Protein chains: 2
Amino acid sequence: MSTTRTTTKPRKRTPKAKAPSGQETVHGQRVTFGVDRPLRLDCGIDLSPLTIAYETYGTLDADKANVVLVCHALTGDQYAASVHPATGKPGWWDRMVGPGKPIDTERFFVICANVLGGCMGTTGPASENPETGKPYGLSFPVVTVRDMVRAQAMLLDHLQIETLFAVAGGSMGGMQVLQWASDYPERVFAAMPIATAARHTAQNIGFHEVGRQAVMADPDWCRGDYHAKGKRPTKGLAVARMAAHITYLSEEALHRKFGRRLQDRDALAFGFDADFQVESYLRHQGMTFVERFDANSYLYLTRAMDYFDLAADHGGVLANAFAGTHTRFCIVSFTSDWLFPTEVNRAVVHALNAAGARVSFVEVETDSGHDSFLLDEPELETALRGFLDSAARARGLQPAGAA
Amino acid sequence: MSTTRTTTKPRKRTPKAKAPSGQETVHGQRVTFGVDRPLRLDCGIDLSPLTIAYETYGTLDADKANVVLVCHALTGDQYAASVHPATGKPGWWDRMVGPGKPIDTERFFVICANVLGGCMGTTGPASENPETGKPYGLSFPVVTVRDMVRAQAMLLDHLQIETLFAVAGGSMGGMQVLQWASDYPERVFAAMPIATAARHTAQNIGFHEVGRQAVMADPDWCRGDYHAKGKRPTKGLAVARMAAHITYLSEEALHRKFGRRLQDRDALAFGFDADFQVESYLRHQGMTFVERFDANSYLYLTRAMDYFDLAADHGGVLANAFAGTHTRFCIVSFTSDWLFPTEVNRAVVHALNAAGARVSFVEVETDSGHDSFLLDEPELETALRGFLDSAARARGLQPAGAA
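Because the structure is a prediction, the values reported are computed rather than measured.

## Remarks on the overall build of chain A
Scanning chain A for helices and strands turns up nine helices and 15 strands. Here chain A has a C-alpha radius of gyration of 21 Å; the compact-globule value for 403 residues is 22 Å, and the two agree. Considering only C-alpha atoms, chain A reaches an extent of 65 × 50 × 50 Å along its principal axes. Taking all 403 residues of chain A together, the buried fraction comes to 54%. Sequence separation of at least 24 residues holds for 71% of the intrachain contacts in chain A that already meet a minimum separation of 6.

Next comes the structure, spelled out in structure tokens:
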């Protein structure tokens, strides 16, 4: 296998939106690192070959100083601001990334890569195991958030990008942001971890374990070998998604959206169909998720989040993970997020304070729960825009529209 | 079929503890109401025959004024204070019910019946459908909390017990307490609903729906017909239990009990076995649950809780459910219960206040979550003992030990 191979794959669906002037969007990019460029994983295994699929938005400036890396969450992907090829829906951070938006593609060159272990083009458990010629399945090594970040660093090296102006992301994306700032402090000028934590709690591990057990209980999972057997554990994965989806919302949001309202009926049906709107909604979430996500990837990525414990790698002291950092941080939490509550985000702030870092902290008042980072939250947009503007001034970047 | 048949079944395991003096415990009692005594259900169906399995503790006094009805929760049963025949473990409320305990069996005659739709002897989906001679499965009618209470009232009528000195229970048991006080105000002197609500919230319906979908996704569920096919959906039911169990605890309790501690290992194993203690614990909860519980009962009882909405039956005004009541109430909530938080318990207090009822309210400070009503919570014991003592004085019952 050749050392490095870069391709721009044709997309299944051509996005209808034209790139606005000043913005260049390149879809379906991927790079493959060959056997002479293995990725050494935390588990001790050298992974090779390694393909990384990514999207870029905006234009890289001459001195490559305007790069923003966006890190996606558990079930996200590289399509942060471009139409998703499987669902046809707008990118998951379309409201944040684009011309004139908080992560302004008329100003910044935005990179978003599918994480290691994912299922949208980057090497993961559905990829071909070179030793067998068949999909890895459970022979894929267990990866960590640090491994994901190492893979992203390889991508940046390949693109000959030395430093990131900023790195931002929510939830598992926020874990990657923290890992970036800790492992490559000299490469990160500004970091914005949103609705995340420096380690996964017992309750969160518990919810993930329920999801994994739901997948593994499905006989069509075939001990992870479903690709080879022409099956898919859609029922188990749908149950996993339903359970997880409840945790992404808040009780208040569920009450506001659904309460005890009935679905397409005037009275209780005394049966097990979806009587209540909330049941119908969750079933829909489960059913649509399985169309776009690989069950084994779900196992691997939840495992990576469970394993995440930044302090554990630094003598149990989180501040040590950021010792001597010059990175500017903005930490964001949401008042109704019970998966990554303000308290665990604030723990990161305290560690950064102890490390003498520049850090600001924004707690956004909202009833929308953990998923708020994906939703219409003007306070989040203001915070992100303000933080990037301020950091850009400090970095000496041109103001928006000055190009 | 004869009108009413009462039997005392031999138990699989004989309890080792002898009944203390003054306390008479009768195990394995059941009564069957024949076709001439059908139970009219909320769904409009007449259920017949109907068997109710129950346990009693203590001695009924001459004027039958010392009866305490204990109502069990979703996965509880009639073995409140006697050894469970399947698990060999002490009763689920053993710390509350017994000689000298808050529900003092030297003073009170305690009845605890398996709920309608349950799987420990009372008629439920695993019972024989008289029309087919096979287990009901999904042909069992969907029952409500009100139906459960109607069945209990039939049991009391059969025992020729007119009034209950008190009725107490937590969670789904608390729903039954509220339903008792609302439907039979003249039969209930004192009521203690614990960690419950007058209606199930959208989030709670959502969690129940996840559990049901987990059961139904198991091919061994066989559309509810697993008994006839010699199968059991143990994997699906275990997943349902794991998800539910997380909701019964609190984040603080999970952190205190498990944190991120590893299970029988010194380092992460980079695999999908239970690395963390919390995973091992949840798997154990799932595996042991399926040994003692019927999957279809789980569907029916969760559905009954979802359907519970006491105000809806009274013009949308909860206070109307208790209009003119003379019952004394003591409402109890737990600070760390996020399934039935203090706020929804307090809503019941407010409705009782509006109805002019005698009501006291105790919020117990604990980090143990919803399951606190089953755990060692001295404040709960004190509240229950004090409430019953005070009500007994008002009722003119003999003090403990005066017999």
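## Things to note about helix 6 (residues 277-292) of chain A
Residues and elements named next belong to chain A. Given a rise of 1.5 Å per residue, 16 residues ought to cover 22 Å, and the 23 Å separating the end C-alpha atoms of helix 6 matches this to within 8%. Of all the residues in helix 6, the buried ones are Val-278, Glu-279, Tyr-281, Leu-282 and Gly-286. Buried residues along helix 6 cover an arc of 165 degrees about the axis, so they all sit on one side.

## Regarding the packing of helix 3 (residues 202-217) of chain A against helix 6 (residues 277-292) of chain B
Close contact between helix 3 of chain A and helix 6 of chain B brings their axes to 9 Å; oriented N to C, the two are set at 50 degrees. One element, helix 3 of chain A, and the other, helix 6 of chain B, form an angle in the oblique class. The interaxial crossing formed by helix 3 of chain A with helix 6 of chain B has right-handed handedness. Every residue of helix 6 of chain B that contacts helix 3 of chain A at Ala202(A), Ile205(A), Gly206(A), Glu209(A) and Val210(A) is listed here: Val278(B), Glu279(B) and Leu282(B). Grouping the amino acids of the contact of helix 3 of chain A with helix 6 of chain B by side-chain chemistry returns five nonpolar, one polar and two charged.

## What about the nonpolar core?
Within the largest apolar cluster, 254 residues are counted, with the highest numbers of intra-cluster contacts made by Ala166(A), Met192(A), Ala166(B) and Met192(B). Look past the residues within four positions of Ala166(A) in its chain and what remains in contact with it is Val68(A), Phe189(A), Ala190(A), Ala191(A), Met192(A), Leu388(A) and Ala391(A).

## Brief notes about the relation of the copies chain B and chain A
Rotating chain B by 180 degrees and translating it 0.0 Å along the rotation axis places it on chain A, where the RMSD comes to 0.0 Å. Overall, the copies show the geometry of a two-fold rotation axis.

## With respect to the interface of chain B and chain A
Listed by partner, the interface residues are 43 residues for chain B and 43 residues for chain A. If you list the elements that add at least two residues to the side of chain B that touches chain A, you get helix 3 (202-217), helix 4 (234-248), helix 5 (251-257), helix 6 and helix 7 (295-307) of chain B. Considering each element in turn, the side of chain B that touches chain A owes the most residues, 11 residues, to helix 3 of chain B. In terms of residue class, the side of chain B that touches chain A is built from 24 nonpolar, eight polar and 11 charged.

## Description of the domain arrangement of chain A
Residue and element names in this part refer to chain A. The domain boundaries assigned to chain A delineate domain 1 (4-202 + 309-395) and domain 2 (204-304). Once you take the C-alpha centre of each, domain 1 and domain 2 turn out to be 25 Å apart. Each partner contributes residues to the interface: domain 1 has 33 residues there, and domain 2 has 27 residues. Partitioning the side of domain 1 that touches domain 2 into residue classes produces 17 nonpolar, 13 polar and three charged.

## So, unusual backbone geometry
Residues and elements named next belong to chain A. The amide bond that connects Ser-48 to the next residue, Pro-49, takes the cis arrangement and shows omega of -5 degrees. Within the fold, Pro-49 resides in the loop between strand 4 (46-47) and strand 5 (50-57). Of note in this structure, Ser-171 is not a glycine but carries a positive phi near 60 degrees. With respect to the helices and strands, Ser-171 occurs in the loop between strand 12 (164-170) and helix 2 (172-183). Classification of Ser-171 by C-beta neighbours within 10 Å gives buried; the count is 27. Although it is not a glycine, Asp-264 sits at a positive phi angle of roughly 55 degrees. Here Asp-264 lies in the loop between helix 5 (251-257) and helix 6. Residue class for Asp-264 comes out exposed when judged on the 9 C-beta atoms lying within 10 Å of it.

## Some thoughts on the packing of helix 4 (residues 234-248) of chain A against helix 6 of chain A
Residue and element names in this part refer to chain A. Running from amino to carboxyl end, helix 4 crosses helix 6 at an angle of 130 degrees, the nearest separation of the two axes being 8 Å. As far as their axial angle goes, helix 6 and helix 4 are oblique. Regarding helix 4 and helix 6, the two cross each other, and that crossing is right-handed. Contacts from Thr-234, Leu-237, Ala-238, Val-239, Arg-241, Met-242 and His-245 of helix 4 reach helix 6 at Leu-282, Gln-285, Gly-286, Met-287, Phe-289 and Val-290. Of the residues that constitute the contact of helix 4 with helix 6, the class distribution is eight nonpolar, four polar and one charged.

## Side note on the environment of Ala295(B)
All names here are of chain B. Structurally, Ala-295 can be placed in helix 7. Placed 188 residues apart in sequence, Ala-295 and Arg-107 show a C-alpha to C-alpha distance of 37 Å. Those residues in contact with Ala-295 that sit more than four places away from it in its chain are Val-215, Trp-221, Arg-232, Pro-233, Gly-236 and Leu-237.

Definitions and limits used
Residues numbered from 1 in each chain as written. Chains lettered and ligands numbered in written order. Predicted model: local features only at pLDDT ≥ 70, side-chain atom pairs only at ≥ 80, totals over all residues. Helix = DSSP H or I, 4+ residues; strand = E, 2+ residues; numbered from the N terminus. Rg over C-alpha atoms; globule rule 2.2 N^0.38 Å. Buried ≥ 20, exposed ≤ 12 C-beta atoms within 10 Å, placed from the backbone. Contact = placed C-beta atoms within 7 Å. Expected span 1.5 Å × (residues − 1). Arc of directions from axis to C-beta. Axes fitted to C-alpha atoms, helices over the stretch in contact; angles between N-to-C directions. Parallel < 35°, antiparallel > 145°, perpendicular 65-115°, else oblique. Left-handed = near helix turned anticlockwise from the far one by under 90°. Nonpolar A, V, L, I, M, F, W, Y, C, P; charged D, E, K, R; others polar. Core = buried A, V, L, I, M, F, W, Y, C linked by C-beta atoms within 7 Å. Least-squares fit on C-alpha atoms with pLDDT ≥ 70 in both. Domains from an automatic or database assignment.

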